[in-house]
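Examination of the molecular architecture
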Amino acid sequence: MRISSKVIKALENGDPIVALETTIITHGMPYPQNVETALEVESVVNEYGSIPATIGILDGEIIIGLSQDEIETLGKKKDVLKVSTREISVAVAKGLSAGTTVSATSFLAEKANIKVFATGGIGGVHREVNETFDISRDLEELAERNIIVVSSGVKSILDVEKTVEYLETKGVLILGYKIDEFPTFYSRKSGIKINPVTENEVAKIFRTKKLLKVPGAILVANPIPEEFEIDYNTMEIWINEALQEMKEKGITGKGVTPFLLSRIFEISKGKSLEANIALIKDNARVASLIAREIASNGLD
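Residues numbered from 1 in each chain as written. Predicted model: local features only at pLDDT ≥ 70, side-chain atom pairs only at ≥ 80, totals over all residues. Heavy atoms only, no water.

1. Quick notes on a negative patch on the surface
Together, E226, E227, E229 and D231 give the surface a local cluster of negative charge. Locating D231 in the fold gives a position in the loop between β11 (218-221) and α11 (232-249). (Patch = residues over 30% accessible without salt bridge, like charges linked within 9 Å, V, L, I, M, F, W, Y side chains within 5 Å. Areas by Shrake-Rupley, 256 points an atom, 1.4 Å probe, with all protein chains shown as cover. Salt bridge = Lys/Arg side-chain N within 4 Å of Asp/Glu carboxyl O. Lys, Arg positive; Asp, Glu negative; His and termini not counted. Charge placed at Lys NZ, Arg CZ, Asp CG, Glu CD. Helix = DSSP H or I, 4+ residues; strand = E, 2+ residues; numbered from the N terminus.)

2. As for the packing of helix α3 (residues 33-47) against helix α4 (residues 68-76)
It is at 9 Å that the axes of α3 and α4 come closest, and there the two elements cross at 150°. With respect to their mutual orientation, α3 and α4 come out roughly antiparallel. Once α3 is placed against α4, the crossing between them reads as right-handed. Contact residues: N34, V35, A38, L39 and E42 in α3; Q68, I71, E72 and G75 in α4. Among the residues forming the contact of α3 with α4, the class breakdown is four nonpolar, three polar and two charged. (Axes fitted to C-alpha atoms, helices over the stretch in contact; angles between N-to-C directions. Parallel < 35°, antiparallel > 145°, perpendicular 65-115°, else oblique. Left-handed = near helix turned anticlockwise from the far one by under 90°. Contact = heavy atoms within 4.5 Å. Nonpolar A, V, L, I, M, F, W, Y, C, P; charged D, E, K, R; others polar.)

3. A look at the side chain of S103
Assignment of secondary structure puts S103 in helix α6 (residues 102-111). Apart from residues lying up to four places away in sequence, S103 is in contact with S84, T85, R137, D138 and E141.

4. A look at the side chain of T105
As for its position among the elements, T105 is in helix α6. Taking relative accessible area as the criterion, T105 reaches 0% and is therefore assigned buried. When sequence neighbours within four positions are dropped, the list of residues in contact with T105 reads L20, E21, I55, T100 and F117. (Buried < 20%, exposed > 50% of the residue type's maximum accessible area, 1.4 Å probe, protein only.)

5. Brief notes about the UniProt feature "binding site: Mn(2+)" (unreviewed entry) in the protein
When the UniProt feature table is mapped to this numbering, "binding site: Mn(2+)" (unreviewed entry) covers D134. Mapped onto the elements of the fold, D134 is located in the loop between α7 (129-132) and α8 (137-144). Those residues in contact with D134 that lie beyond four places of it in its chain are G124, V125, H126, V129, G253 and V256. (UniProt positions renumbered as here; feature names shortened; annotations may be inferred.)

6. Points about the layout of surface pockets
Taken as a whole, the largest pocket holds about 790 Å³ of empty space. What lines the largest pocket is a set of 41 residues, among which K82, T101, D138, K155 and T257 lie closest to the centre. The set of elements that each furnish at least two residues to the lining of the largest pocket consists of α2 (23-28), α3, α8, α12 (256-267) and α13 (271-296). If one sorts the elements of the lining of the largest pocket by residue count, α2 sits on top with five residues. (1 Å grid on protein atoms, 1.4 Å probe; cavity = no way out; pocket = protein on both sides within 12 Å on 5 of 7 lines; lining within 4 Å. Points joined across faces, edges and corners; volume = space filled by probe spheres on them.)

7. Comments concerning the nonpolar core
As a rule of thumb, soluble globular proteins bury nonpolar side chains together. Among the nonpolar cores identified, the biggest contains 99 residues, and I64, I114, I122, I148, F182 and I290 are the most heavily contacted of them. At 12 residues, the largest contribution of residues to this core is made by α13. If near-sequence neighbours (up to four positions away) are discounted, I64 is found in contact with M1, R2, I3, S4, V7, A53, T54, I55, L108, A112 and I114. (Core = buried A, V, L, I, M, F, W, Y, C linked by side-chain atoms within 4.5 Å.)

8. Quick word on the pairing of β11
Side chains of β11 alternate between two faces, with I218 and V220 and L219 and A221 buried alike. Here four bridges tie strand β8 (residues 148-151) to β11, and the two strands are oriented parallel to one another. In the sheet register, I148 faces β11, and the bridge partner there is I218. Note that strand β9 (residues 173-177) and β11 share four bridges and pair parallel. What sits directly across from G176, in β11, is A221. (Pairing = 2+ DSSP bridges.)

What follows is the structure in structure tokens.
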């Protein structure tokens, strides 16, 4: 595992750092939007006072803090793996390149002693789970990691209620960034109530949890900015159309999320991608503010 010089310096100085995942680069968006978005998200982290640490695997090397050139290389590569924690060793041993999911990024960020991680939306319990038993590794990983993850809740293509129940069962603390309702990626609402907090309160809760040795991550749910929100009922129509096509094509496993996001992009005529980019940037902003609170107040 190679940690970039800027991240090493930040770790040594106790500066705020925000980890960023790379499936958005490898599987979330087409080129060049993927690379442009990744660099813009890094800029947001910098703008709000933290050091970005984009995590990925290039030719078998785990990199904590990809350079701009390395992000470009990963964004252009073909046949790049999408790895959860269990496949990290496969990519490294075989010298392959890979985008890291929420689970893999959480695992590697904690290994590098990075405490805050920003993403778009975590994985979860898929719809029709009774038939497929498709549950993202993200949920199990968050139960094991001592890290703060900022996301816009979970992707609305999932079964949101079951995902929240699963997280509660696994001991993952869910908090709302200045909201009392769990967001569903493209929408600010779900009907599921959560506890609202500020960045300072998140940092204090994180420290208290560590002192008490309570296991599990803190999931900070940050809603999509209002001007980019997509009506929940409209999104449901688009999702159901994409789900039907997915079934007809027989797509399962790791192909589900990339297909659904790609198809919804087409159905929405690009609105979903615009919303996706907006929420990821805002999550980077909030994560940076939280990381600053942890660093400046000695709450680590």
